[in-house]
Amino acid sequence: MLIYVLDIHGTPLMPTARAGKVRRMLADGRAVIAGHTPFTIRLAYETTSYVQPIALGAKTGSVHIGLSATTDDKELYAAQIYLRTDIVGNLSTRREARHARRSRLRHRASRFDNRRKTNGWLAPSTEQKVLSNVRAVTDVTRFLPVSSVTVEVAQFDTQWIKNPGLTGTDYQHGEQFGFWNVREYVLYRDGHQCQYCHGKSRDSVLNVHHIESRKTGGNSPGNLVTLCETCHKAYHTGTLKLNIGRTASLRDAAVMTVMRWRVYKQLKAALDVPVRLTYGYVTKHIRIEHGLEKSHVTDARCISGHPDARPCGTVHVLKQLRRHNRKVMKSNLLKGGRWKHNQAPREIKGFRLFDNVRYNSVPAYIHGRRSSGFFVIKDAEGKVLSNSVSYKQLKLTRHNNARLCFALRDPFNSSPS
């Protein structure tokens with residue numbers, strides 16, 4: 001497992017795999033621990049700052065993010081991040097509570113007309129995904145000397161679909177790239193399922209069928225539909241009749257289109273290195289061409305431009321969390337009409353919700369707290385380690401930073417932690 005290194009001023013240097021040397025430097029005071037996820041040290045003395053070119057590939061998305069930082073022949077960092085999917089539900093619950101409070105409990109006239117959305121406004125769930133994607137990339141630049149960033153922002157390029165005349169380095173690879181682009185969109189739109197039998201034929205081979213002839217309807221997505229190979233052959237032999245009309249909408253790609261430009265612009269503003277865009281159909285072509293298995297991290301390595309780089313062996317798996325429960329009181333009253341607090345204080349005995357701690361030398365996270373100082377702790381995968389452990393038995397590693405980290409190994413221990 002690699003250990004990431006900062007110089008005395010906090011500038012990233014090349015990582016090292018020499019855990020024994022790092023242990024001695026920490027013991028001698030020549031270095032201090034700067035971070036645990038991933039494990040990073042900061043040197044306490046002046047040193048040279050030679051670094052190699054490092055390309056960071058980021059597979060952005062609304063549910064998962066894949067990251068891979070590579071040199072020409074080696075992967076230096078790999079991560080998969082799970083984003084929050086609970087924001088829409090939390091906002092809906094809050095809206096219902098407010099409606100009940102303002103209408104049923106005490107009437108108050110609506111005041112929606114005094115609210116104005118600013119230019120560039122995004123829905124809270126989308127805004128959080130944009131910020132998470134930007135944070136995921138910028139965090140890597142804090143412990144690695146990244147020299148370039150390539151971001152995959154969508155499975156397909158809707159602008160290319162609407163205007164095939166666009167030019168640029170991403171489009172100058174022959175007609176095959178253009179075909180993969182439209183084909184990937186149609187498969188994505190149809191949920192990778194035959195639109196006639198809906199999987200009943202059990203044929204795993206999918207074809208993209210022209211509803212009208214290629215000459216009449218062209219290759220636009222509205223004239224294409226996903227069929228399994230069994231149904232596709234049956235149609236062309238005349239034993240099957242399709243009742244599928246043309247589709248003509250790209251609206252299901254609108255959210256990713258909005259995120260694409262917001263993420264790109266914010267990364268360009270936040271980073272001092274070149275930031276480029278790419279698309280999923282390009283990544284898929286590279287992955288298949290090099291015979292790689294599909295995963296978010298593998299895709300990110302292809303995006304970085306070094307698909308054949310030797311994997312680093314450790315994938316950092318992160319899960320986004322809320323920092324604190326903002327709901328102050330329980331929805332239901334206690335006997336006698338008394339309100340009950342819905343949350344504990346921000347800190348109890350010096351510990352916060354989702355703090356990273358060590359319990360019997362095992363890394364864990366706090367999932368429940370009592371004012372008496374007894375907590376519920378779980379490992380990163382959600383397995384309960386103890387339903388009631390005293391705070392005196394816990395050692396704080398770091399406070400909640402809105403992320404749970406799993407699949408990490410201790411740099412001084414070969415066993416998984």
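Residues numbered from 1 in each chain as written. Predicted model: local features only at pLDDT ≥ 70, side-chain atom pairs only at ≥ 80, totals over all residues. Heavy atoms only, no water.

## Remarks on the nonpolar core
Move 1: In terms of nonpolar packing, the biggest core is built from 46 residues, with Leu-67, Tyr-77, Val-137, Val-140, Leu-144, Val-149 and Leu-267 touching the most fellow members.
Move 2: For this core, the element with the most residues is helix H3 (residues 124–140), which contributes five residues.
Move 3: If near-sequence neighbours (up to four positions away) are discounted, Leu-267 is found in contact with Val-134, Val-137, Thr-138, Val-151 and Val-275. (Core = buried A, V, L, I, M, F, W, Y, C linked by side-chain atoms within 4.5 Å. Buried < 20%, exposed > 50% of the residue type's maximum accessible area, 1.4 Å probe, protein only. Helix = DSSP H or I, 4+ residues; strand = E, 2+ residues; numbered from the N terminus. Contact = heavy atoms within 4.5 Å.)

## What to know about the sheet that holds strand E2 (residues 31–36)
Move 1: On the basis of which strands lie adjacent, the open sheet formed by three strands has the order E1-E3-E2 and mixed pairing. The open sheet has two free edges, formed respectively by strand E1 (4–6) and E2, since each of these has just one partner strand. Across the sheet, the mean angle separating the axes of adjacent strands is 30° when strand polarity is ignored.
Move 2: Two elements, E1 and strand E3 (residues 39–43), share three bridges in a ladder whose sense is parallel. Of the residues in E3, the one forming a bridge with Leu-6 is Arg-42. (Pairing = 2+ DSSP bridges. Axes fitted to C-alpha atoms, helices over the stretch in contact; angles between N-to-C directions.)

## With respect to the pattern of salt bridges
Move 1: All chains considered together, the criterion is met by 14 salt bridges.
Move 2: When the shortest N-O distance is used, the salt bridge between Glu-75 and Arg-301 registers 3.7 Å. Placement of Glu-75 in strand E6 (residues 75–82) and of Arg-301 in helix H10 (residues 296–303) is noted, with a sequence separation of 226 residues between them.
Move 3: According to the relative accessible area criterion, Glu-75 is buried, its value standing at 2%.
Move 4: Residue Lys-284 is joined to Glu-184 by a salt bridge in which the shortest nitrogen-to-oxygen separation is 3.0 Å. Placement of the pair is Lys-284 in helix H9 (residues 280–289) and Glu-184 in helix H5 (residues 175–189), with a sequence separation of 100 residues.
Move 5: The exposure class assigned to Lys-284 is buried, which follows from its relative accessible area of 17%. (Salt bridge = Lys/Arg side-chain N within 4 Å of Asp/Glu carboxyl O.)

## Brief notes about a positive patch on the surface
Move 1: Residues Arg-18, Lys-21, Arg-23 and Arg-24 make up a contiguous surface patch of positive charge.
Move 2: Along the chain, the position of Arg-24 falls in helix H1 (residues 19–28). (Patch = residues over 30% accessible without salt bridge, like charges linked within 9 Å, V, L, I, M, F, W, Y side chains within 5 Å. Areas by Shrake-Rupley, 256 points an atom, 1.4 Å probe, with all protein chains shown as cover. Lys, Arg positive; Asp, Glu negative; His and termini not counted. Charge placed at Lys NZ, Arg CZ, Asp CG, Glu CD.)

## Things to note about the confidence of the model for the protein
Move 1: Across the protein, the average pLDDT comes to 83, with 84% of residues at or above 70.
Move 2: Note on residues 248–252: pLDDT under 50 across the span, and seven contacts to partners over four residues away in sequence or across chains.
Move 3: Segment residues 409–417: pLDDT under 50, and 23 contacts once partners within four positions in sequence are set aside and those in other chains are kept. (pLDDT = per-residue confidence, 0-100.)

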